Structure formats: structure tokens, C-alpha cells
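Overview (structure and organization)
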Amino acid sequence: MTARSRWSGALGMVAAAALAAAPAVAQVPASGPLRGFKDWVIGCDNLRGCTALGLMADQGTGGFLRIERGGAAAAEPVVRFSVMVEAAEPKDAALTVVVDGQGAPAVDHRPARLQDGQVSLVLRGPSARGFIEALRLAHAVTLTLFDGTKAVQEVKVSLAGAAAALLFMDDQQKRTGTETALVDHGGASAAAEPPVPALPAVAAMRMTVIDKPGRRPAGVPKPKDKGCPGDDLVIRLSAGEVLWGVCAFAAAYNWGYSFWRVGAGAPTALKFALPGADPHDDGHVLVNPALRADGLAITALNKGRGLGDCGVIADWAWDGSAFRPVRIAEMRACGGVPPDDWPVLLRAQTNPRR
């Protein structure tokens, strides 16, 4: 299978804007780009922060390499190696990292963190810079997981596309030709780099789930798909309004919900959308929606496949008149990367509205 066939087109799985009303669209911050270069994926957010992910060849899901860097001129890259544990969890986890063609390991049997079935090791500062420099002429990075002194798993991360992805990072962060660039070094001072844009903020109203909402209001349709769960998702927006979600479709690992704003008047269908999508796309459905733990946003996770290692995840905050996207992360290549590690394309701060 070619690297190109890995791409699932997840960008089209969720639509774009903020609510159907045109005035709401103008307040949506622009999201950053997402690109694929052979076995590498890179995405950048509206603050010029970028995340590059190196995957195994041929859709392997055993591990990955992550390089993240903030958009500020002084921000340094952070490298993380991750192995997804395939057998028994190691009691004494350690990783060795070898860049092909190098005489000595880049990381030699260093203790690693085990969490949620993932063993990870992080490099910062000069160690991270030195590792990135070592990638220039290499073709693969081998991660070996140890339990104590015993090697228990090996993962080979492809470097096909790594140079292009890091060049793209330099370009998006306005570092090309400067002393801070990862690949395209130059003599220009970091002072030549423009300041990072301000973090957008949304005054978000705190929402709560209504466990026993009672009868579905007139004007809110019944679920049409027989595979839908029996309960609606009902969330209180304010003392006089609720958000009423009804299952629109049920698939093997995705459940789509349409939402209505229910208050004193007739229920109004809401349209959610992501910045930059076709305005004619149907954005009325959120997939696998749930209220965030702090009550300040609704999270929707549209999985590209059952493993949940690709797709789109977005958070929406209610400001009293419209839902605003406050976080978008996306992963188009299905390669074993969990949602928490996907490239973030949009960030906004949610300030509790009082």
C-alpha cells in the first residue's frame, strides 16, 4: 500500500462556520493547515504552533515519532518517541532509539513513561536539536522497548517525508532563513520573525447535561435510524434554553446527532461548522458528541475508523447566542496515533461567562 492511500479525507467529515447565521462566521478564527508528506503528517494552529508526526510504513500502528514546536521565536522543539504496547505492559519500561546509519544510539536504554498502553520518552533542548539534525540523511528510526534488560518490542518509524514536513514547519513558523530554523537555516536573527498572533478568547457559558429531560418537545423530530440509542442528549444552555440532541445516524463506531435550540419559541435547528469548509456542506450533525468535563464546551469526535487513530475532534463553546469552535485537531493518516497527539489546527481560550 502506498503512503498516499493512507489518507482518509477526514477533513470532509465535519462541516464549517459557527452557526448558520452569517454574523457568527466572522467571529470564527482561522484554523491552520494540515499536510501529508509520504509517511509524515504535519499540522499548524492559528498561533503558528506545529506538530509533525512520523509513522510506520504501510499503516503500521505500533508506534510513532512526534516533533512539536511553539510559534514564538524562542520556542524550542520537543521530540517524543512513542511505542504502543502490543503484549503485557512492561514493569520497568525503557527505550532505545537508533537512527539508521548512526554508530551509536540516539537514546541508549533510557527509562520511559508508561501510560494508557503507551510508552513514551521525551527529548528537549540540545538533545532534541541534535536528534533532529541526525535525521537529515537517515531513512528510518528504530524504537526498541525494553522491560528491564529484556527487549520486548521493536518499532521502525519511517523518515520518508520527514525533511519536507520540517521544512513546512519552518515555513509556517516564519523561520525560513533564520538562526532558529530546523532545516532551512540562515543568518537572519530570530528578531526578524513576526510576533505570534494573540490567542482568541470566547466568553463561554457553562453548560450541564440534563439526565431526565422529559418528553421530546414538539418540533424536534424522532430518531430515524433504528440503530440509534434510545436516549436523546439534552444540555442546559441557560435558565430558559436547552440544547436538544437527537440521534441522526448510527454506524459501527460513530453516532451522529442533530441539535435544536429549544426555548420560549419554536425549536431552531443549529448548524455547526469548521472554519474553511464548504458553506454548502451539511454541518447540522455532530459525531459522538459529549459535554466537556468543565462544562464550557461540547466535544465531537468523528472517527476515521474504529481504532480511533484518525479523524477530527472539535470543541464548541456556547457564548449565549452561538456555538464557537475553540479547538480543532485532525489526523488524516490512520497510523496508531491517539487523539490527544493529533495536530491541533485551532486554539481559543474559553473564559467562563458570568
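Structure: see above.
Residues numbered from 1 in each chain as written. Predicted model: local features only at pLDDT ≥ 70, side-chain atom pairs only at ≥ 80, totals over all residues. Heavy atoms only, no water.

1. Here's the deal with the overall build of the chain
- The number of helices and strands found in the chain is three helices and 24 strands.
- Relative to all contacts within the chain whose residues are 6 or more apart in sequence, the contacts with residues 24 or more apart total 59%.
- Total accessible area on the chain is roughly 16200 Å²; 53% of this is exposed by carbon and sulfur atoms. (Helix = DSSP H or I, 4+ residues; strand = E, 2+ residues; numbered from the N terminus. Contact = heavy atoms within 4.5 Å. Areas by Shrake-Rupley, 256 points an atom, 1.4 Å probe, with all protein chains shown as cover.)

2. Let's talk about the packing of aromatic side chains
- Throughout the structure, instances matching the rule amount to six aromatic pairs.
- Pairing F259 with F272 gives two aromatic rings, centres 5.9 Å apart and planes at 70°, and the pair type is edge-to-face. One end of the pair, F259, is in strand β16 (residues 255-262); the other, F272, is in the loop between β17 (268-269) and β18 (285-287), and 13 residues separate them in sequence. Side by side, F259 and F272 carry an identical accessibility label, which is buried.
- Aromatic pair W318 and F323: ring centres 4.8 Å apart, planes at 45°, arrangement tilted. F323 carries the same exposure label as W318, and that label is buried.
- One aromatic cluster in this structure is built from F259, F272, W316, W318 and F323. (Phe/Tyr/Trp six-rings, centres within 6.5 Å; stacked < 30°, edge-to-face > 60°. Buried < 20%, exposed > 50% of the residue type's maximum accessible area, 1.4 Å probe, protein only.)

3. Notes on the sheet that holds strand β11 (residues 150-158)
- Here we have four strands laid out as an open sheet, ordered β7-β6-β10-β11, and antiparallel in their pairing. Either end of the sheet is taken by a strand with one partner, and the two such strands are β7 (107-111) and β11. Taken over all neighbouring pairs, the strand axes of this sheet differ in orientation by 20° on average, direction set aside.
- Pairing analysis gives eight bridges linking strand β10 (residues 140-147) to β11, with the strands arranged antiparallel. Directly across from D147, in β11, lies its bridge partner K150. (Pairing = 2+ DSSP bridges. Axes fitted to C-alpha atoms, helices over the stretch in contact; angles between N-to-C directions.)

4. Observations regarding unusual backbone geometry
- Even without glycine at this site, K38 takes up a positive phi of about 55°.
- Tracing the backbone shows K38 in the loop between β1 (34-37) and β2 (40-44).

5. Re the environment of Q349
- By the secondary structure assignment, Q349 is in strand β24 (residues 349-352).
- With a relative accessible area of 38%, Q349 lands in the partly exposed category.
- Setting aside anything within four residues of it in sequence, one finds Q349 in contact with L199, P200, A201 and V202.

6. Re the state of the cysteines
- Within the structure shown, the criterion is met by three disulfides.
- The partner cysteine of C44 in its disulfide is C50, sulfur to sulfur 2.0 Å. Given an S-S torsion of about 105°, the disulfide between C44 and C50 has right-handed geometry. Across the pair, C50 and C44 agree in class, each one buried.
- What pairs with C228 in a disulfide is C247, and their sulfur atoms sit 2.1 Å apart. Looking along the S-S bond of the C228-C247 disulfide, the torsion reads about -70°, which is the left-handed sense. With C228 in the loop between β13 (208-209) and β14 (233-238) and C247 in strand β15 (residues 241-250), the pair connects residues that are 19 residues apart, well separated along the chain. Take C228 and C247: they sit in the same class, and that class is buried.
- Counting its disulfide-bonded cysteines in sequence order, the chain shows a connectivity of 1-2, 3-4, 5-6. (Disulfide = S-S within 2.5 Å.)

7. Details of the nonpolar core
- Core analysis: the biggest nonpolar cluster contains 38 residues, and I67, V79, F81 and F131 have the highest contact counts within it.
- With residues near it in sequence (within four places) discarded, F131 still touches L65, V79, F81, V97, V99, A106, L123 and V141. (Core = buried A, V, L, I, M, F, W, Y, C linked by side-chain atoms within 4.5 Å.)

8. Here we look at helix α2 (residues 125-134)
- When we look at burial in α2, the residues that qualify are A128, F131 and I132. The buried residues of α2 all sit within an arc of 100° when viewed along its axis, so they share a single face.
- The inward-facing, buried residues of α2 abut β4 (63-69), β5 (78-84), β6 (93-99), β9 (118-123), β10 and α3 (162-172). (Arc of directions from axis to C-beta.)

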